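A closer look at the structure
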Amino acid sequence: MTTDSLIEAAQRLATLRDSIDRAARLTQRTADDINLIAVSKTHDADTIRPLLHAGQRAFGENRVQEAQEKWPALREEFSAVKLHLVGQLQSNKAADAVALFDVIHSLDRSSLLTALAKAMDGANRRVPCFIQVNIGAEEQKGGCAIADLPALIAAARAADIPVPGLMCVPPADIEAAPFFALLAKIAREEGLERLSMGMSGDYETAIMLGATDIRVGTALFGQRPSPARPVPASGRGMLRNSRA
Ligand SMILES: *Cc1c(COP(=O)(O)O)cnc(C)c1O
């Protein structure tokens, strides 16, 4: 680990914290209300370590196996790490996910709920699960349909799975704000407090619309090695690409 990498990580974190603070204050909130999750998927331990040295403790991964390979060793080096699963979860990985993660952001169907409840009972450990909502009703995307949400929330309560709030990944290539606003409205109607929304390209908007948990990768770690991501179009408007 070089001094340069330590300085760069600290600067990226400070810059991000400044914009989080600005977006929060613009809407009469404080940065303390917002949990920054550093999404470290695809990055190796050497890339993650400088950010840990800079004080970051909440991290997000989207694959159970990748997280199992990286995090046990890092957790021995650094205390108080909180791991968030931000990617789709297969039911057959539920037990592994419950053993490793502190929060799951992708509960989206009753079969997964059943598997998670069983895994939590077996491990005697309750892992809070955000319910992921397919907020843009996109066919290929994970997430519970809005219409199915009340039943899934009720089933989670019945199974004694803590549900802190809702999570979404809005459609790409279109303004994210209306989808964030919609998620916030649904959460209010369901009496849920937390909102996991906002990524590198749109976390400020998400914060201004009530996000409590933002999931930021690229703005902290730089571009991921692969797969190639589209270059964001410049300019504003409904069809602006809002992803970084
Ligand atoms: C990768 C990922 C992020 C982070 O995306 P960036 O644009 O790199 O900030 C956030 N949420 C989910 C669900 C992801 O898969």
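On a predicted model such as this, the values are computed, not experimentally measured, just so you know. (Residues numbered from 1 in each chain as written. Predicted model: local features only at pLDDT ≥ 70, side-chain atom pairs only at ≥ 80, totals over all residues.)

Thoughts on the pairing of strand 8 (residues 213-216)
- Of the two faces of strand 8, the one carrying D213 and R215 and the one carrying I214 and V216 are both buried.
- In this sheet, strand 8 lies alongside strand 1 (residues 35-39) in parallel orientation, the contact comprising four bridges. Note on strand 8: the bridge partner recorded for I37 is R215. (Buried ≥ 20, exposed ≤ 12 C-beta atoms within 10 Å, placed from the backbone. Helix = DSSP H or I, 4+ residues; strand = E, 2+ residues; numbered from the N terminus. Pairing = 2+ DSSP bridges.)

Some words on the UniProt feature "modified residue: N6-(pyridoxal phosphate)lysine" (unreviewed entry) in the chain
- Residues given the UniProt feature "modified residue: N6-(pyridoxal phosphate)lysine" (unreviewed entry) here are K41.
- Look at K41 and you get partly exposed, because 17 C-beta atoms sit within 10 Å.
- Once you skip the residues sitting within four places of it in the chain, K41 turns out to touch E61, N62, R63, E66 and G217. (UniProt positions renumbered as here; feature names shortened; annotations may be inferred. Contact = placed C-beta atoms within 7 Å.)

Quick word on the site of the ligand
- Close to the ligand lie 16 residues; M199, S200, R215, G217 and T218 are nearest.
- For the shell around the ligand, the secondary-structure elements that each account for two or more residues are strand 8 and helix 9 (218-221).
- When its residues are assigned to classes, the shell around the ligand shows seven nonpolar, six polar and three charged. (Near = placed C-beta within 6 Å. Nonpolar A, V, L, I, M, F, W, Y, C, P; charged D, E, K, R; others polar.)

A closer look at the pairing of strand 5 (residues 129-132)
- Residues of strand 5 alternate between two faces, with C129 and I131 on one and F130 and Q132 on the opposite face, all of them buried.
- Two strands pair when backbone bridges link them, and strand 4 (residues 103-107) and strand 5 are joined in this way by two bridges, in the parallel orientation. Among the inter-strand pairings, I104 is bridged to a residue of strand 5, identified as C129.
- Note on the crossover from strand 4 through helix 5 (residues 110-123) to strand 5: the handedness is right-handed.
- Relative to strand 6 (residues 165-167), strand 5 runs parallel, the two being bridged by two bridges. Bridge assignment links Q132 to a residue of strand 6, and that residue is M167.
- Crossover strand 5 to strand 6 through helix 6 (residues 149-158) is right-handed. (Right-handed = clockwise from strand over helix to strand, strands pointing away.)

Some words on the environment of A158
- Relative to the helices and strands, A158 is located in helix 6.
- With 41 residues separating them in the primary sequence, A158 and A117 have C-alpha atoms 9.9 Å apart.

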